[in-house]
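# Topology and contacts: notes
Spelled out, the chains give:
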Amino acid sequence: MSKQVDYLIIGQGLAGSILSWELIKQGCTVHLVDNQQENASQIAAGLINPITGMRLVKHNKLDTLLPCAKQTYQELSQFFSQDFYIEKPMLRILRNEKELLKFQQRIQEPAYHKYLDTELKSAPAILNAPLGIIQQQQTGYLLTQNLLACLKNFLQAKQAYQRTQFVYQDLNIDNAINWQGITAKKVIFCEGYLAIHNPWFKHLAFQLAKGEILTLTTQQTLAPELLNYGHWLIPINKHQFRTGATFDTINLNTQATDLGKSTLLHALAQTIPTLATASIDKHQANIRPTTLDKMPFIGLHPKYQNLAIFNGFGAKGSLQIPYYSQHFVQHLLHKAPIAPEINSQRFSG
Ligand SMILES: Cc1cc2nc3c(=O)[nH]c(=O)nc-3n(C[C@H](O)[C@H](O)[C@H](O)COP(=O)(O)OP(=O)(O)OC[C@H]3O[C@@H](n4cnc5c(N)ncnc54)[C@H](O)[C@@H]3O)c2cc1C
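In this report, we go over the structure that sits alongside the text. Sequence order as written defines the numbering, with residues in each chain counted from 1. Confidence filtering applies because this is a predicted model: local features only for residues at pLDDT of at least 70, side-chain atom pairs given and counted only at 80 or more, and all residues used for totals across whole chains, interfaces and linings.

### Regarding the packing of helix 1 (residues 14-25) against helix 7 (residues 317-334)
For clarity, the cut-off: Axis definition: a line fit to C-alpha positions, over the contact stretch in the case of helices; interaxial angles, taken between N-to-C directions, run 0 to 180 degrees. Where helices and strands are cited, they refer to DSSP runs of H or I of at least four residues and of E of at least two residues respectively, numbered from the N terminus. Here is the rule for angles: anything less than 35 degrees is roughly parallel, anything more than 145 is roughly antiparallel, 65 through 115 is roughly perpendicular, and the remaining ranges are oblique. Here a crossing is taken to be left-handed if its near helix is turned anticlockwise relative to the far helix by less than a right angle, and right-handed if that turn runs clockwise. Here the contact rule is simple: place C-beta atoms from the backbone, and any two residues whose C-beta atoms are within 7 Å are in contact. Asp, Glu, Lys and Arg are counted as charged, while Ala, Val, Leu, Ile, Met, Phe, Trp, Tyr, Cys and Pro are counted as nonpolar; the rest, among them Gly, fall into the polar class.
Taken N-terminus to C-terminus, the directions of helix 1 and helix 7 make an angle of 40°; their axes are 9 Å apart at the nearest point. It follows from the interaxial angle that helix 1 and helix 7 lie oblique. Relative to helix 7, the crossing made by helix 1 is right-handed. Between helix 1 and helix 7, the residues in contact are Leu14, Ala15, Ile18, Leu19, Glu22 and Leu23 and Gly317, Ile321, Pro322, Ser325, Gln326, Phe328 and Val329, respectively. Taken together, the residues that form the contact of helix 1 with helix 7 break down as 9 nonpolar, 3 polar and 1 charged.

### Re the sheet that holds strand 6 (residues 85-87)
Here is the rule we go by: A pair of strands is considered paired only if DSSP assigns at least 2 bridges between the two.
Read from one edge to the other, the open sheet built from 3 strands follows the order 3-9-6, with strand pairing classed as antiparallel. The sheet terminates laterally at strand 3 (47-48) and strand 6, the two strands that pair on one side only. Bridge count for strand 3 against strand 9 (residues 140-142) is 2 bridges, and the pairing is antiparallel. Each bridged residue has a counterpart across the sheet, and for Leu47 the counterpart in strand 9 is Tyr141.

### Overview of unusual backbone geometry
Following Gly244, the chain continues into Ala245 via a peptide bond in cis, with omega recorded as -25°. Assignment of secondary structure puts Ala245 in the loop between strand 17 (240-244) and helix 6 (258-271). With a phi close to 60°, Gln36 is a non-glycine residue in the positive phi region. Mapped onto the fold, Gln36 is located in the loop between strand 2 (30-34) and helix 2 (40-43).

Shown next as structure tokens:
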């Protein structure tokens, strides 16, 4: 193959896919290479949850990230004539007195009004929630697998997609980028957790976290809302749901384990005892590209300016990737500065 493109992109998870979409929108040409292994994006729940953790904290860039994510998924929905982002309220079970106090504090803060209903509700009998439940707004989930399939077809139709393992030694970076006859201005690595093997970016402080997730079917009719009880439950339809995810920073492999399964089933049975008999349809595991300072890695290699990385979206890919794709494209095309807190050069090689 002999071809010239603006950007060679490695990895078709959510990061490589949305970045390619944004570059193409700006009139650039791309060639995307992916090995088609099951990746984190494909198994992810795709949740967007503005208020997280025991302290009910709002993400500090939420008011920038969330509108951009919604607008991007809306634009993609229109283009492909199907919905990708399902917005639904999330019921959150208060698990202890500290959470209850935090809730009472947060509802006094104007910044939280859009995201948190002020009413503390008593839980329906089916839920084990003695301290009550609160309702979060502007929550939802991305149908990532469907979106990735559409974007893959879109790239294939442009002859801009190649299924293969990218081998680092095959890349010539001396003058222009050259890989298997393809020349490019830059190669952008969007390899998810596999970036730890990348010889040019392995100095970056990834702190990976494996996650396991279950898909189950129940005879019971499920309530339509998302549920958060430390773990989460997403009703996919009236009888099928997903629950997850475990968070394991030690066993960094993609094997689904008995321990992961029993952890999720135990938490489920404690919270909604009637779901204890649900049957398991699928049990999946993969690795989140989480980072030491919890911020993404975006930018150019400190020495080789034709090598770039777009990675480190951790457990919040659905929320962060659309905005940071646009941010990075502004840098690539117009030299707009990359925000220092996400610039991959904050860690030196
Ligand atoms: C169990 C679980 C639950 C999650 N839940 C959520 C959630 O609810 N909400 C949320 O926002 N995020 C969630 N995440 C995190 C989310 O999955 C990530 O933030 C996001 O998907 C990362 O996308 P990525 O494109 O960077 O990586 P990936 O999706 O891992 O994609 C990287 C791609 O690069 C390819 N690749 C790598 N190296 C090479 C090579 N040398 N040659 C060819 N191809 C290569 C890989 O095969 C892969 O296809 C979850 C993750 C897990 C594991």
